[in-house]
Amino acid sequence: MPRFQFERAKVIPGLREVLGALPGGLNPLDVAEWFLSPNPDLEVEDDENPLSPRDWLLSGAPVEAVVTLARGSW
């Protein structure tokens, strides 16, 4: 199991929804890189640095933002 999917031995919140929004047939390494790379569309108001999809989900921010990116990033 790819390690990016877990935090403290638990599946990260929203993972199922985001994985379901990704197109089929993607290379697992590309998916991992996408989850771990900062995305300029995922910014928190108090911070200028964008978050990765994984960090966004862990922050408790809306899952739908990452789902939308998953549908349109490929």
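Comments concerning helix α4 (residues 63-72)
For an α-helix the count is 3.6 residues per turn, leaving residues at separations of three or four pointing the same way. If you check which residues of α4 are buried, you get Val66, Val67, Leu69 and Ala70. Take α4 and look down its axis: the buried residues cluster within an arc of 160°, on one side only. With respect to the buried face of α4, the exposed residues turned more than 90 degrees away are Arg71 and Gly72. Looking at the buried side of α4, the elements it contacts are α1 (15-21), α2 (28-36) and α3 (53-59).

Brief notes about the side chain of asparagine 39
Inspection of the secondary structure assignment puts asparagine 39 in the loop between α2 and α3. For asparagine 39, the residues in contact, after removing those within four places along its chain, are Trp34, Pro50, Leu51, Ser52 and Leu69.

Looking at the nonpolar core
Counting residues in each nonpolar core, the largest one holds 19 residues, and the members touching the most others are Val18, Trp34, Phe35 and Val66. Looking at this core, the elements that each hand over two or more residues are α1, α2, α3 and α4. Those residues in contact with valine 18, other than ones at most four positions away along the chain, are Trp34, Phe35, Leu57, Val63, Val66, Val67 and Ala70.

Description of the packing of aromatic side chains
Counted under the stated rule, the structure contains two aromatic pairs. Both rings, one in tryptophan 34 and one in phenylalanine 35, keep their centres 5.2 Å apart while their planes meet at 85°; by these two values the pair is edge-to-face. Both residues of the pair, tryptophan 34 and phenylalanine 35, count as buried. Ring-pair connections join several aromatic residues into one group, and the members of that group are Phe4, Trp34 and Phe35.

What to know about unusual backbone geometry
A positive phi angle, close to 55°, is found at arginine 8, a residue other than glycine. Its place among the elements puts arginine 8 in the loop between β1 (6-7) and β2 (10-11). Even without being glycine, alanine 9 reaches a positive phi, approximately 65°.

Some points on the pattern of salt bridges
Applying the stated criterion across every chain yields a total of three salt bridges. Residues glutamate 7 and arginine 8 are paired through a salt bridge, measuring 3.8 Å at the closest nitrogen-oxygen approach. The class for glutamate 7 is partly exposed, based on a relative accessible area of 31%. In this structure, glutamate 64 engages arginine 71 in a salt bridge whose closest nitrogen and oxygen atoms are separated by 3.6 Å.

What counts and what doesn't
Residues numbered from 1 in each chain as written. Predicted model: local features only at pLDDT ≥ 70, side-chain atom pairs only at ≥ 80, totals over all residues. Heavy atoms only, no water. Buried < 20%, exposed > 50% of the residue type's maximum accessible area, 1.4 Å probe, protein only. Helix = DSSP H or I, 4+ residues; strand = E, 2+ residues; numbered from the N terminus. Arc of directions from axis to C-beta. Contact = heavy atoms within 4.5 Å. Core = buried A, V, L, I, M, F, W, Y, C linked by side-chain atoms within 4.5 Å. Phe/Tyr/Trp six-rings, centres within 6.5 Å; stacked < 30°, edge-to-face > 60°. Salt bridge = Lys/Arg side-chain N within 4 Å of Asp/Glu carboxyl O.

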